[in-house]
Amino acid sequence: MKTLLLYPLFPKSFWSFEKTLELVGRKAQLPPLGLITVAAILPQEWELKLVDRNIEDVTEAQWEWAELVILSGMIVQKEDLLAQVQEAKRRGKKVAVGGPYATALYKEVEAVGVDYLILDEGEITIPMFVEALEKGEQTGMFRSGGEKPDVTTTPIPRFDLLDFSAYEQMSVQFSRGCPFQCEFCDIIVLYGRKSRTKTPQQMIAELEKLYELGWRRSIFMVDDNFIGNKRNVKLLLKELAPWIADKGDPFSFNTEASVDLANDQELMDLMTECNFGAVFLGIETPDTDSLSVTQKYQNTRDPLSDSVNKIISSGLRVIAGFIIGFDGEKTGAGDRIVSFVEKTTIPLAFFSMLQALPDTALTHRLIKEGRLRSESANINQTTLMNFVPTRPLEEIASEYINGFWSLYDPEKFLDRTYRHYRILGEAPCHNKPKDKTKKRAKKPLDWMMVRALFIILWRQGILRNTRWKFWGYLFDMYRYNRGGIASYLGVCAQIEHFIEYRQIVKDEIEAQVFQYLQQEALLAQNQQEAKVNIEAMNNVA
Ligand code: SF4
């Protein structure tokens, strides 16, 4: 079967980093790990071609060649996913769709004429789809019926289908699911509350494959909560450490974890030993009441700023997510988030308005309370909340815009990044005496990185108003955290993206608030007119 695996476009978002990618000559942040895993589960005698629309378009020859088109994507990619399904159908192809978006909102995909829906986790539903095709079935929907696959049987993703030069980072997955119960989270809906992990041998086989294929850069461990099963993650890290050392540190890692990471020094030490550089934490808000409302109890147990400091002081760079718009939230939540980010020195703070995602506990509650405005939640930072909040929407939107603007003020961003790297530089793992006998993986000189370095120095050290501060901080970095300079400059460069993106957030949210207020005014006017008419009719009667 000639099968085209098609990955839809991502819109511009907090994570798209176009400007930074342009600097280093890459086209996308991460490869489509889901689709290359699908490729590994499909019958290996099938002929497979992968097109990631974030790096290239589908050619006429590829469209003509394909007998079957398989697409997968997240909610944020839905616009392009639906357009590509329609394009494939227009060309008379058989089309199958799976992945998180189709699983959450399959009716939207069904409505554009897809032939097969491969929902839930592919380890269970792809074999069902293949069997149906072999029986000659022309359509079908395949579901796991609540069963979750054992990921220890998941094959190594088909990394060989990727163009490595196009991606800034590679991705691998160790676990699925998370033991916590945050009300807004769709991960636990899709993957369950039991963290299912691969075996250490399985993960090392995946990394070995990447090594063999020549990958020598950063790897994002895409788990939604890498430490969901602490016992198993430690087993992995204990086996990974000697493998990494034996190969001469060919990769560095980044991941996502819950804040309770701060309570496990052994785990943090193992992570830094295995070259984990950055960790994304879902902090959401410093307001304890809001954390309780949203059932994120794990963030209420210890003072959050102490937890963040512990993680940074252990040598892990912190990236964190923040949300505004929780029920019962008091005025000034945006400012409190900004103060928290400043205090804890977090350079990259992913800030968004709360959205009710399909099938989450939050969505079910809002439906019951009659407060859901739209079921088709969009999870990027440029859309208003899809439900009626408990304080005025325009107040939340205004705090959100001001907060975003302040977080990505170039001077504040530079100050925070510098302070963050000074703390990192003092971490014991960064101050160990160098082991001169240690093997180092050969990494060819990357001319794109050299070019990027000169552009950063030119833009930040000459053109920007913050130039004197930039040189002062760089000099101090040289004195106090020399080993961290490359990573520090990489983070500094991200302001290029945020200066543009905060303007997009401001313009789009302001336009939607204006539209929303007009609709509300019209609604109030209609209600008033109806009331006057009823009163007039009653008077006549
Ligand atoms: S900790 Fe993160 S992944 Fe786990 S339930 Fe909460 S939001 Fe979801």
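In this report, we go over the structure that sits alongside the text. Being a predicted model, the structure only gives us computed values, none of them experimental.

Quick notes on the rules
Along each chain, the written sequence defines residue order, and numbers are assigned to residues from 1. Side-chain atom pairs in this predicted model are given and counted only at pLDDT of 80 or more, local residue features only at pLDDT of at least 70, and totals for whole chains, interfaces and linings cover all residues. Side-chain measures were taken over the full set of non-hydrogen atoms in the model, leaving aside hydrogen atoms and water. Residue burial is assigned from relative accessible area. The probe radius is 1.4 Å, only protein chains are included, and a residue is buried under 20% of its type maximum, exposed over 50%, and partly exposed in between. Helical segments are the DSSP runs of H or I of at least four residues, strand segments are the runs of E of at least two, and each set is numbered from the N terminus. Any two strands with at least two DSSP-identified bridges between them are counted as paired. Near residues are defined by distance, with any heavy atom within 4 Å of the molecule or strand qualifying the residue. Classification used: nonpolar for Ala, Val, Leu, Ile, Met, Phe, Trp, Tyr, Cys and Pro, charged for Asp, Glu, Lys and Arg, polar for all others including Gly. Axes here mean lines fitted to C-alpha atoms, for a helix over just the part in contact, with angles spanning 0 to 180 degrees between N-to-C directions. Should any heavy atoms of two residues lie within 4.5 Å, those residues are considered in contact. Side-chain rings of Phe, Tyr and Trp (the six-membered ring for Trp) are treated as a pair once their centres are within 6.5 Å; stacked means planes under 30 degrees apart, edge-to-face means over 60, and tilted covers the remaining angles. Comment: the charge-over-ring label is applied if NZ (Lys) or CZ (Arg) is within 6 Å of the ring centre and within 35 degrees of the ring normal. Put simply, a crossing is left-handed when the front helix is turned counterclockwise from the back one by less than a right angle, and right-handed when it is turned clockwise.

### A short note on the pairing of strand E10 (residues 218–221)
So, point 1. Judged by which residues are buried, E10 turns out to be covered on both faces: Ser218 and Phe220 on one side and Ile219 and Met221 on the other are all buried.
So, point 2. As paired strands, strand E7 (residues 170–172) and E10 are joined by 3 bridges and run parallel to one another. Each residue of the ladder has a partner; that of Met170, found in E10, is Ile219.
So, point 3. Bridge count between E10 and strand E11 (residues 252–257): 4 bridges; the pairing is parallel. Looking across to E11, one finds that Ile219 is bridged to Phe253.

### A look at the site of the ligand
So, point 1. Around the ligand sit Cys178, Phe180, Cys182, Cys185, Ile188, Lys296 and Gln298, and that is every residue in its neighbourhood.
So, point 2. Looking at the shell around the ligand, its residues break down into 5 nonpolar, 1 polar and 1 charged.

### Observations concerning the sheet that holds strand E6 (residues 140–142)
Each strand in a sheet pairs with another by means of backbone hydrogen bonds, the pair being arranged parallel or else antiparallel.
So, point 1. Spatial strand order, E2-E1-E3-E4-E5-E6: 6 strands in an open sheet with parallel pairing. Both outer strands of the open sheet, strand E2 (47–52) and E6, are each paired with one neighbouring strand and no more. Going across the sheet, the axis of each strand differs from the next one's by a mean of 20°, ignoring polarity.
So, point 2. In this structure, strand E3 (residues 68–72) lies alongside strand E4 (residues 94–98), joined through 5 bridges in parallel fashion. Residue pairing in the sheet places Leu71 in a bridge with Val97 of E4.
So, point 3. Relative to the sheet, helix H2 (residues 33–41) contacts strand E1 (2–7), E2 and E3, its axis offset from that of E1 by approximately 160°.
So, point 4. Across the sheet, helix H7 (residues 122–134) touches E3, E4, strand E5 (116–118) and E6, and the angle it forms with E5 is around 155°.

### Quick notes on the packing of aromatic side chains
The geometry of an aromatic ring pair is captured by two quantities: the separation of the ring centres and the angle between the planes.
So, point 1. Per the stated rule, a full pass over the model turns up 23 aromatic pairs.
So, point 2. Judged by centre distance (6.3 Å) and plane angle (50°), the rings of Phe184 and Phe326 are tilted. Residue Phe184 is located in the loop between strand E8 (175–176) and helix H8 (187–191), and its partner Phe326 is located in the loop between strand E13 (317–324) and helix H14 (333–344); the two are separated by 142 residues in the primary sequence.
So, point 3. Here Phe184 falls in the buried class, since its relative accessible area comes to 12%.
So, point 4. Of the residues examined, Phe326 reaches a relative accessible area of 3% and is grouped as buried.
So, point 5. Site record: aromatic cluster; members linked through ring pairs are Phe174, Tyr211, Phe226, Trp243, Phe251, Phe253 and Phe276.
So, point 6. Over the aromatic face of Tyr480 sits the side chain of Arg422, whose NZ or CZ is 4.0 Å from the ring centroid.
So, point 7. Here Arg502 stacks its cationic end above the ring of Trp405, 3.7 Å away from the centre of that ring.

### Examining the packing of helix H13 (residues 304–313) against H14
So, point 1. One way to put it is that H13 packs onto H14 with a least axis distance of 10 Å and a crossing angle of 35°. The two elements H13 and H14 meet at a crossing, and its hand is right-handed. Here Leu304, Ser305, Val308 and Ile312 of H13 lie close against H14, whose contacting residues are Phe340, Lys343 and Thr344.
So, point 2. Here the residues of the contact of H13 with H14 sort into 4 nonpolar, 2 polar and 1 charged.

### Some remarks on unusual backbone geometry
So, point 1. A positive phi angle is found at Asn275, which is not glycine, with a value near 70°.
So, point 2. A positive phi is found at Glu284, a non-glycine position, where the angle reads about 75°.
So, point 3. Locating Glu284 in the fold gives a position in strand E12 (residues 276–284).
So, point 4. What makes Glu284 buried here is its relative accessible area of 7%.

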